[in-house]
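One letter stands for each residue in the lines below.
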Amino acid sequence: MGLFDMVMIKDNHISIAGGIINAIKSVDQYLEQQNLQMEVEVVFSLFKVFLRILKYWNGLVVGWKLIC
């Protein structure tokens, strides 16, 4: 497995995007535009980020992996 096999969102990506929701939306939009289906991994260190992800995600997105 290499970096081309999946998308990884880390703290620095979350910061640049202006928050986790913006980062997730950007990835969703990119994957849809490119007609790609691949795993997305979110790596974060703050519990509040996890809560925001759950609120947005609502447990319905397939292929996402959360790592705390």
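Residues numbered from 1 in each chain as written. Predicted model: local features only at pLDDT ≥ 70, side-chain atom pairs only at ≥ 80, totals over all residues. Heavy atoms only, no water.

Observations concerning the overall build of the protein chain
Right, on to step 1. Counting secondary structure elements, the protein chain contains three helices and three strands.
Right, on to step 2. Sequence-ordered secondary structure for the protein chain, helices as α and strands as β, is β-α-α-β-α-β.
Right, on to step 3. By residue count, 25% of the 68 residues in the protein chain fall in the buried class.
Right, on to step 4. Of the contacts formed within the protein chain by residues at least 6 apart in sequence, a portion of 64% connects residues at least 24 apart.
Right, on to step 5. Split by element, the accessible area of the protein chain, about 5,000 Å² in all, is 56% carbon and sulfur. (Helix = DSSP H or I, 4+ residues; strand = E, 2+ residues; numbered from the N terminus. Buried < 20%, exposed > 50% of the residue type's maximum accessible area, 1.4 Å probe, protein only. Contact = heavy atoms within 4.5 Å. Areas by Shrake-Rupley, 256 points an atom, 1.4 Å probe, with all protein chains shown as cover.)

Some thoughts on a nonpolar patch on the surface
Right, on to step 1. Nonpolar side chains collect at one region of the surface, where Phe47, Leu51 and Leu54 lie side by side and expose about 290 Å² of accessible area between them.
Right, on to step 2. Leucine 54 gets classed as partly exposed once you look at its relative accessible area, which sits at 34%. (Patch = residues over 30% accessible without salt bridge, like charges linked within 9 Å, V, L, I, M, F, W, Y side chains within 5 Å. Salt bridge = Lys/Arg side-chain N within 4 Å of Asp/Glu carboxyl O.)

Focus: helix 2 (residues 20-33)
Right, on to step 1. Here helix 2 is 14 residues long and its end C-alpha atoms lie 20 Å apart, about the 20 Å a rise of 1.5 Å per residue gives.
Right, on to step 2. For helix 2, every residue scored as buried is listed here: Ile20, Ala23, Ile24, Val27 and Leu31. One side of helix 2 carries all its buried residues, which in axial view fall inside an arc of 95°. Exposed and facing more than 90 degrees away from the buried side of helix 2 are Glu32 and Gln33. (Expected span 1.5 Å × (residues − 1). Arc of directions from axis to C-beta.)

Observations regarding the environment of glutamate 41
Right, on to step 1. Mapping glutamate 41 onto the fold places it in strand 2 (residues 39-43).
Right, on to step 2. Overall, the relative accessible area of 11% leaves glutamate 41 in the buried class.
Right, on to step 3. For the pair glutamate 41 and isoleucine 9, spaced 32 residues apart in sequence, the C-alpha separation works out to 6.1 Å.

A few points about unusual backbone geometry
Right, on to step 1. Phi is positive for asparagine 35, which is not a glycine, with a value near 55°.
Right, on to step 2. If you trace the backbone, asparagine 35 turns up in the loop between helix 2 and strand 2.
Right, on to step 3. The exposure class assigned to asparagine 35 is exposed, which follows from its relative accessible area of 71%.

Topic: the nonpolar core
Right, on to step 1. The biggest cluster of nonpolar side chains holds 13 residues, and the ones touching the most others in it are Ile9, Ile20 and Ile53.
Right, on to step 2. Listing elements by their share of this core, those giving two or more residues are strand 1 (6-9), helix 2, strand 2 and helix 3 (47-57).
Right, on to step 3. The element best represented in this core is helix 2, accounting for five residues. (Core = buried A, V, L, I, M, F, W, Y, C linked by side-chain atoms within 4.5 Å.)

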